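# What the coordinates show
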Amino acid sequence: MESTHFNSFTGLVDLASEKNGGKALSASDEFFAAKENMLKEGRGIFIPGKFTENGKWMDGWESRRKRTAGNDWCIIELGAPGIIKGIDIDTNYFLGNHPPYSSVDSYNAAGKQPLKNFDKIKWTNLLPNSAISPGCQNLFSISNSKIWTHVRLNIFPDGGIARFRVYGIVKKVLARNKLIDLAALMNGGKVIAANDMFFGSMDNLISPGRSSNMGDGWETRRKRIPGHDWAALRLAAKGEIRKIIVDTNFFKGNFPESCSIEGVLRSNLSNDAVSDSSLPWKEILPRTKLEGHKENVFEKELKDVGPVTHVRLNIFPDGGVSRLRLFGFVK
């Protein structure tokens, strides 16, 4: 039986997610199911009667039954360097074939050669050997302030894991003389507030890549009162914005009529303070018409307001935006 989805690590980034650039580099064994499945979206599915030439098809990583000494493992490269705060070892649908114990090790390869000789790495234990239950999310809080680029999931002795999540805070060194997306999730940007997200989460605005469907964006309900909708972001670093892309991919009959973008320079800005009328927001992009199902690119329209740390996207009156890209220089 599938357990209810639960995540106590709200506000953190899944550093291991395939969508966020995570990669399963190597595994000791993946006889029944591939290691890459652990990093996919969702919690995994179960299809009765579906088999492969090796046995039952499973939506996760599954090794064969171990008949020798030792344990199985999988090495994962995180989508970006980060501080790890939480781990989810999800055994959804793995009921008689889950590993009874698991541990997680970490490594920082920053400035070093790409990982090749995995057996020679000096791993740091992040999660001690811990009991895990079948058919559910096994959540573990991590108390460690160091930055990591890779993790090793160990299972004892063998078995299957549906999904593996590594929740944390992106800590990426950003180039100063290069135009980069200061809003991007995997550069360290964060959407901190929105007045409405009835149909789609504000967090989707800064996700990697273009949206996969209309649900993979930020979308507000139809506005029946005066005013307009907005979302506010904290940039990955203080910077000057030189190019903006407001992507309305898949939003064809429900994209905003127009938008504007404002910035402010603040050392800190709470979620509640975003809508404070006394904040000295400066107009970066004046209210401008948008087109649906398109990357709306703005450069010459932008005003030079100097460095900003936070940005507010205003949409008129409502609708959906799949991605917001704010390219600029770190200052």
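Shown above is the structure to which this text applies.
Below is a short write-up of the structure. (Residues numbered from 1 in each chain as written. Predicted model: local features only at pLDDT ≥ 70, side-chain atom pairs only at ≥ 80, totals over all residues. Heavy atoms only, no water.)

### Regarding the overall build of the chain
Looking only at helices and strands, the chain has 0 helices and 22 strands in total. For 331 residues, the compact-globule estimate of 2.2 N^0.38 gives 20 Å, and the chain sits close to it at 22 Å. Along the three orthogonal principal directions, the C-alpha set of the chain runs to about 65 × 45 × 30 Å. Summed over all atoms, the accessible surface of the chain reaches about 15,900 Å², with 51% contributed by carbon and sulfur. Each charge class in the chain can be summarised by its mean position, and for the 46 positive and 36 negative side chains these summaries are 4 Å apart. (Helix = DSSP H or I, 4+ residues; strand = E, 2+ residues; numbered from the N terminus. Rg over C-alpha atoms; globule rule 2.2 N^0.38 Å. Areas by Shrake-Rupley, 256 points an atom, 1.4 Å probe, with all protein chains shown as cover. Lys, Arg positive; Asp, Glu negative; His and termini not counted. Charge placed at Lys NZ, Arg CZ, Asp CG, Glu CD.)

### Structural notes on the pattern of salt bridges
The final tally for this structure, using the stated rule, is 22 salt bridges. For D90, the salt bridge goes to R43, with nearest N and O atoms at 2.7 Å. Note that D90 is positioned in strand β6 (residues 72–90) and R43 in the loop between β2 (23–27) and β3 (51–52), a separation of 47 residues in sequence. Classification of D90 as buried rests on a relative accessible area of 2%. Taking relative accessible area as the criterion, R43 reaches 9% and is therefore assigned buried. Measuring nitrogen to oxygen at the nearest pair gives 2.9 Å for the salt bridge that ties R323 to D216. (Salt bridge = Lys/Arg side-chain N within 4 Å of Asp/Glu carboxyl O. Buried < 20%, exposed > 50% of the residue type's maximum accessible area, 1.4 Å probe, protein only.)

### Thoughts on the environment of D158
Tracing the backbone shows D158 in the loop between β10 (147–156) and β11 (160–161). Sequence separation between D158 and S102 is 56 residues; the distance between their C-alpha atoms is 9.6 Å. Here K66 takes part through its backbone nitrogen, which lies 2.6 Å from a polar atom of the side chain of D158. (Polar contact = N/O pair within 3.5 Å; in protein donor to acceptor, adjacent residues only side chain to side chain.)

### Focus: the pairing of strand β7 (residues 101–107)
Consecutive side chains along a regular strand alternate between the two faces of the sheet. Of all 7 residues in β7, 6 are buried, a share of seventy percent or more. Pairing of β7 with strand β8 (residues 124–131), which is carried by 5 bridges, proceeds in the antiparallel orientation. Counted as the bridge partner of S102 is S130 from β8. Taken together, the 7 bridges between β7 and β10 define a ladder with antiparallel strand orientation. Bridging from a neighbouring strand, Y107 pairs with H150 of β10. (Pairing = 2+ DSSP bridges.)

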